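Notes for the structure review
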Amino acid sequence: MEWQSYIALGIVAITLVIFAFRLFFKKKSKKSCGHGCGCAANEKQ
Amino acid sequence: MSENPSIIALLGNPNSGKSTLFNALTGKNQRVGNYAGVTVEVKSGETYTPHGKKLHVLDLPGCYSLRTDAGSPDEQIALDALTGKLDGIAKPDLVVCVVDASNLERHLQLVLQVIELGLPCVLALNMVDVAEKSGLRLDPAKLSEELGIPVVPMQANASKGIIELKQALRHPFPHASEVSWLTQTDNLETNRRAFVASLCELAARRPDSQQRNFTDRLDSILLHPFLGWVAFLAIMFILFWSIFSFASIPMDFIDSALGSFGEWVNAMMPEGDLRSLLVDGVIGGVGGVLVFLPQILLLFFFIGLLESSGYMSRAAFLMDHVMAKAGLSGKAFLPLFSSYACAIPGVMATRTIDSAKERLVTIFVAPWMSCSARLPVYFLIIPLLLHENEGTWKQALVLFCIYTLGTLTAFLAARILRGKLGPDKIVRHFMLELPPYRRPQWSYVFRHVLDRGWAFVRKAGTIILGLSILLWALKTYPKSDSTDPGEVLAHSAMGRIGELIEPVVKPLGFDGRTGTAILTSFAAREVFVSSIAIIFSVEETDDDVKNRSLIRAKMQTATWPDGRPLFTSMSLISLLVFFIYALQCLPTTAVVARESGSWKWAVGQFAFMSGFAYLASWLIFQTGSLLGF
């Protein structure tokens with residue numbers, strides 16, 4: 001494998017780890033969807 | 001004096017300018033609009049007195065009264081917040097009652113109820129400019145004397161009177177006023193009305209003859225039984241046409257800039273996986289979605305204009321009759337209209353609806369109002385369907401029809417569901433505030449547009465970027481020794497997933513590649529565009545790419561293995577229909593579960609809408625195919 005393949009695979013692996021972290025560990029505020037759509041993110045209910 | 005900051009609650013009728021005042025006091029950017037029911041939950045912020053003492057400010061939902069048998073959730077939230085029954089929020093030390101000075105007769109009723117609760121109170125006499133223009137002669141000193149509380153005249157949208165209000169919030173806070181209007185008669189309501197009437201005669205005298213003002217004259221057209229509808233349809237059509245036509249210039253610019261950037265990366269890097277990841281995965285995937293940014297910005301600009309000018313309430317008034325046919329009231333119009341931007345604030349806005357059954361039905365059908373996340377998909381498919389470049393009136397008409405189809409189906413479903421749930425035990429009447437027409441607050445309109453634009457860009461730079469990278473990996477690995485792009489794709493993980501999905505999506509007119517793109521769009525609808533861009537990309541570019549979207553060009557030339565075109569008119573219509581009806585937004589499902597108080601509703605809604613989307617697409621494609629289209 002050439003150097004480009006290693007870096008590309010590394011980027012894919014990091015992306016997978018971030019997605020897994022977001023899915024299983026990151027707690028979202030119950031007050032909003034966490035997607036910045038204007039649905040009262042970070043506001044106290 | 002306690003060390004904790006004192007709590008100040010902003011309370012008032014809907015559309016009295018509470019959120020504008022809240023923003024002016026706290027420097028926040030809470031959403032405001034010239035129609036009732038913009039704030040549906042308690043917002044908090046901080047401000048300082050002229051002596052530097054920190055104050056905790058609560059913006060409560062607008063309400064007309066503080067009944068103990070509150071019908072709507074927003075009224076109950078306001079009452080609970082004032083009495084210290086809301087979890088995590090202490091009882092306020094002072095209530096700033098925000099009233100519309102041009103409409104004191106109604107707004108003062110709520111002020112009296114706050115005083116009756118025994119809470120210290122300051123009256124923010126907002127919109128004095130509007131009151132003065134209508135010829136009203138205000139006497140704030142007399143008001144203060146009669147009510148026994150400080151009164152501050154102000155114009156919150158121009159930040160006039162803010163300093164005076166902060167002066168009134170200095171320690172020590174005023175004591176709770178004496179209740180002087182409760183006589184021996186048992187009927188509280190009658191006592192309050194009589195007191196307010198006498199108060200207005202003293203402190204807010206109207207001119208002898210009522211003149212027809214600008215709002216009255218404009219309403220004679222915009223609320224006319226016939227002309228009002230003509231105006232409504234014209235406004236909606238202009239909105240959709242503008243989104244298509246005005247956005248084409250910046251879209252072409254973004255498109256060509258991304259194309260040039262991709263070519264530059266191609267030229268600067270040797271051939272390899274990293275170059276392919278950057279050009280085909282990142283630039284192709286993220287760029288394919290970013291190109292629709294101008295249209296998203298235009299949509300929110302027009303929604304902001306309608307909200308800020310005061311037209312939105314007129315639209316709700318006109319729609320009340322139509323909503324009644326769907327078993328809903330005009331109160332459901334604003335949540336449903338908000339859902340055109342995003343279903344989540346739309347679902348939350350249903351808190352203004354008194355009837356629990358009507359609220360549930362509105363929540364259930366809200367995702368069928370086409371949200372802005374669907375727009376990139378529509379913008380990709382419609383020009384392909386019409387074999388045109390972007391920006392024609394025909395495309396605007398098709399987009400208008402798409403929105404109409406979603407809306408009509410939502411109304412039909414609402415009628416059926418409302419019938420199943422049965423009538424309410426208490427008959428509730430539809431009351432709506434018709435605010436005066438105002439010049440749009442440009443600062444808020446543009447800030448709202450920028451916020452939403454930034455949210456879109458951030459989504460493209462996070463979720464869509466991540467999914468684009470993963471999709472590229474699925475399309476690239478495991479690697480094949482073949483040089484034929486078709487064989488390489490078939491050998492890849494994505495090709496294998498597509499093969500698995502194909503029997504399920506083939507009856508809808510899609511192949512496995514389109515099926516895979518649809519599957520990825522359940523994470524976020526816009527991802528469909530980047531998935532298609534990644535799945536159908538090729539390394540070469542030619543001159544035609546500069547004149548039309550690269551993705552559409554690839555879709556136009558895509559074929560089934562036997563050489564038939566993959567995207568026919570019927571399969572494109574089937575695809576559009578699928579996206580109109582499918583609920584491909586997990587955050588919406590989570591918010592529906594919270595607002596309806598049950599995951600059963602949310603899961604049931606997801607299953608029903610996905611199943612309905614599948615059946616509708618199947619029906620359209622199969623019927624069209626049988627008829628020879």
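Residues numbered from 1 in each chain as written. Chains lettered and ligands numbered in written order. Predicted model: local features only at pLDDT ≥ 70, side-chain atom pairs only at ≥ 80, totals over all residues. Heavy atoms only, no water.

Within chain B, the regular secondary structure consists of 27 helices and eight strands. Per-residue burial for chain B yields a buried fraction of 56% across its 629 residues. On chain B, roughly 27300 Å² of surface is accessible, and the fraction owed to carbon and sulfur atoms is 61%. (Helix = DSSP H or I, 4+ residues; strand = E, 2+ residues; numbered from the N terminus. Buried < 20%, exposed > 50% of the residue type's maximum accessible area, 1.4 Å probe, protein only. Areas by Shrake-Rupley, 256 points an atom, 1.4 Å probe, with all protein chains shown as cover.)

On to the nonpolar core. Tyr378 and Phe528 of chain B are the most contacted members of the largest nonpolar core, which totals 115 residues. One finds Ile77, Val111, Cys121 and Leu199 of chain B within the second-largest nonpolar core, a separate group that totals 44 residues. (Core = buried A, V, L, I, M, F, W, Y, C linked by side-chain atoms within 4.5 Å.)

A cluster of nonpolar residues, Phe21, Leu23, Phe24 and Phe25 of chain A, forms a patch on the protein surface that exposes about 540 Å² of accessible area. Secondary-structure assignment places Phe25 of chain A in the segment after helix H1 (3–24). (Patch = residues over 30% accessible without salt bridge, like charges linked within 9 Å, V, L, I, M, F, W, Y side chains within 5 Å. Salt bridge = Lys/Arg side-chain N within 4 Å of Asp/Glu carboxyl O.)

Here we come to the pairing of strand E5 (residues 121–126) of chain B. All names here are of chain B. For E5, the buried fraction is high: six of the six residues fall into the buried class. The alternating pattern of E5 places Cys121, Leu123 and Leu125 and Val122, Ala124 and Asn126 on opposite faces, both of which are buried. As paired elements, strand E4 (residues 94–100) and E5 share six bridges and run parallel to each other. Within the sheet, the bridge partner assigned to Val95 lies in E5 and is Cys121. (Pairing = 2+ DSSP bridges.)

Moving on, we get to helix H26 (residues 586–596) of chain B. Residue and element names in this part refer to chain B. Buried residues dominate H26, accounting for eight of its eleven residues. Every buried residue of H26 is listed here: Pro587, Thr588, Thr589, Val591, Val592, Ala593, Glu595 and Ser596. Of the surrounding secondary structure, the elements contacted by the buried residues of H26 are helix H14 (343–348), helix H15 (356–365) and helix H27 (599–626). A positive phi of about 75° marks Gly597, the residue just after H26. (Contact = heavy atoms within 4.5 Å.)

We now examine the sheet that holds E5 of chain B. Residue and element names in this part refer to chain B. The sheet built from six strands is open, its strands ordered E2-E3-E1-E4-E5-E7 with mixed pairing. Looking at strand neighbours, the two that pair on one side only are strand E2 (43–48) and strand E7 (151–153), the edges of this open sheet. Pairs of neighbouring strands in the sheet enclose a mean axial angle of 25°, with direction left out of account. Across the sheet, helix H1 (residues 18–26) touches strand E1 (6–12), E2, strand E3 (54–59), E4 and E5, and the angle it forms with E2 is around 45°. Of the strands in this sheet, E1, E4 and E5 are in contact with helix H3 (residues 104–116), which crosses E4 at around 170°. (Axes fitted to C-alpha atoms, helices over the stretch in contact; angles between N-to-C directions.)

Time to look at the confidence of the model for chain A. Across chain A, the average pLDDT comes to 68, with 53% of residues at or above 70. Residue range residues 29–45 of chain A is modelled with pLDDT below 50. Its contacts to residues more than four positions away, or to other chains, number 47 contacts. (pLDDT = per-residue confidence, 0-100.)

Here the focus is the pattern of salt bridges. Residues and elements named next belong to chain B. According to the stated counting rule, one finds nine salt bridges over all chains in the structure shown. Of the charged contacts, one joins Glu145 and Lys142 as a salt bridge, the two residues approaching to 3.7 Å between their closest N and O atoms. Of this pair, Glu145 and Lys142 both sit in helix H5 (residues 140–147), three residues apart, roughly one helical turn. Taking the relative accessible area as the measure of exposure, Glu145 reaches 56% and is therefore exposed. For the salt bridge of Lys142 with Glu146, the shortest nitrogen-to-oxygen distance reads 3.8 Å. Of the two residues, Lys142 and Glu146 are both situated in helix H5; the distance of four residues between them amounts to about one turn of the helix.

Let's shift gears to empty space enclosed by the protein. Residues and elements named next belong to chain B. Taken as a whole and assessed by the stated rule, the structure comprises three cavities of 30 Å³ or more. Contributing to the lining of the second largest cavity are Met236, Leu239, Phe240, Leu299, Ile303, Phe337, Tyr340 and Tyr403. Put simply, the parts of the chain that give the lining of the second largest cavity at least two residues each are helix H9 (227–268) and helix H11 (293–309). With three residues, H9 is the single largest residue contributor to the lining of the second largest cavity. Split into classes, the residues belonging to the lining of the second largest cavity amount to eight nonpolar, no polar and no charged. (1 Å grid on protein atoms, 1.4 Å probe; cavity = no way out; pocket = protein on both sides within 12 Å on 5 of 7 lines; lining within 4 Å. Points joined across faces, edges and corners; volume = space filled by probe spheres on them. Nonpolar A, V, L, I, M, F, W, Y, C, P; charged D, E, K, R; others polar.)

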